[in-house]
Amino acid sequence: MKRHPFVSIICTFFLFFLLVGCTTPAGRSTGQVIDDASITTQVKAELVADKEVSALTVSVKTFQGEVVLSGAVETIAQRRKAAAIAHSVRGVRRVTNLLKLKTQ
């Protein structure tokens, strides 16, 4: 049984518009969620590459381009450096630095 190319084209457009129209419960598109995940991954990668800040103790969350850093660091300089790294990532609109200093 031979399929008509027209049917394939219609199915492709239907699938495309179905995916484009998908939103999360918060009303965000698939693209927005992927952008936030990309920002989080990039911030985390930059923290891992940095010799001054321990990425293992820093949590990164992103929502609509706003990055929240939480966890604990050894010094105020590390706290500032983590925020500067997050600010440097493309797509970041704002950084909320909730990093605490570890107590000795």
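Conventions used here
Residues numbered from 1 in each chain as written. Predicted model: local features only at pLDDT ≥ 70, side-chain atom pairs only at ≥ 80, totals over all residues. Heavy atoms only, no water. Helix = DSSP H or I, 4+ residues; strand = E, 2+ residues; numbered from the N terminus. Polar contact = N/O pair within 3.5 Å; in protein donor to acceptor, adjacent residues only side chain to side chain. Core = buried A, V, L, I, M, F, W, Y, C linked by side-chain atoms within 4.5 Å. Buried < 20%, exposed > 50% of the residue type's maximum accessible area, 1.4 Å probe, protein only. Contact = heavy atoms within 4.5 Å. Salt bridge = Lys/Arg side-chain N within 4 Å of Asp/Glu carboxyl O.

Overview of the environment of Ser-88
No. 1: Mapped onto the elements of the fold, Ser-88 is located in helix H3 (residues 76-88).
No. 2: Along the sequence, Ser-88 and Val-43 sit 45 residues apart, while their C-alpha atoms lie 8.5 Å from each other.
No. 3: Side-chain polar atoms of Ser-88 contact the backbone oxygen of Ile-85, separated by 2.6 Å.

Side note on the nonpolar core
No. 1: In this structure, Val-43, Leu-47, Val-58, Val-60, Val-67, Leu-69 and Val-95 are the most contacted members of the largest nonpolar core, which totals 18 residues.
No. 2: Secondary-structure elements contributing two or more residues to this core are helix H2 (30-49), strand S1 (58-63), strand S2 (66-73) and H3.
No. 3: Top contributing element to this core by residue count: H3, with four residues.
No. 4: When residues no more than four places from it in sequence are discounted, the contact partners of Val-60 are Thr-40, Val-43, Lys-44, Leu-47, Val-67, Val-68 and Leu-69.

Some points on the pattern of salt bridges
No. 1: Within the structure shown, the criterion is met by five salt bridges.
No. 2: For the salt bridge of Asp-50 with Lys-81, the shortest nitrogen-to-oxygen distance reads 2.9 Å. Of this pair, Asp-50 sits in the loop between H2 and S1 while Lys-81 sits in helix H3; the two residues are 31 residues apart in sequence, bridging distant segments of the chain.
No. 3: For Asp-50, a relative accessible area of 15% corresponds to the buried category.
No. 4: Overall, Lys-81 belongs to the partly exposed group, its relative accessible area being 28%.
No. 5: Its salt-bridge partner being Lys-102, residue Glu-74 comes within 3.4 Å of it at the nearest N-O pair. Of the two residues, Glu-74 is situated in the loop between S2 and H3 and Lys-102 in the segment after strand S4 (100-101); the sequence distance between them amounts to 28 residues.
No. 6: Judged by relative accessible area, which is 39%, Glu-74 ranks as partly exposed.

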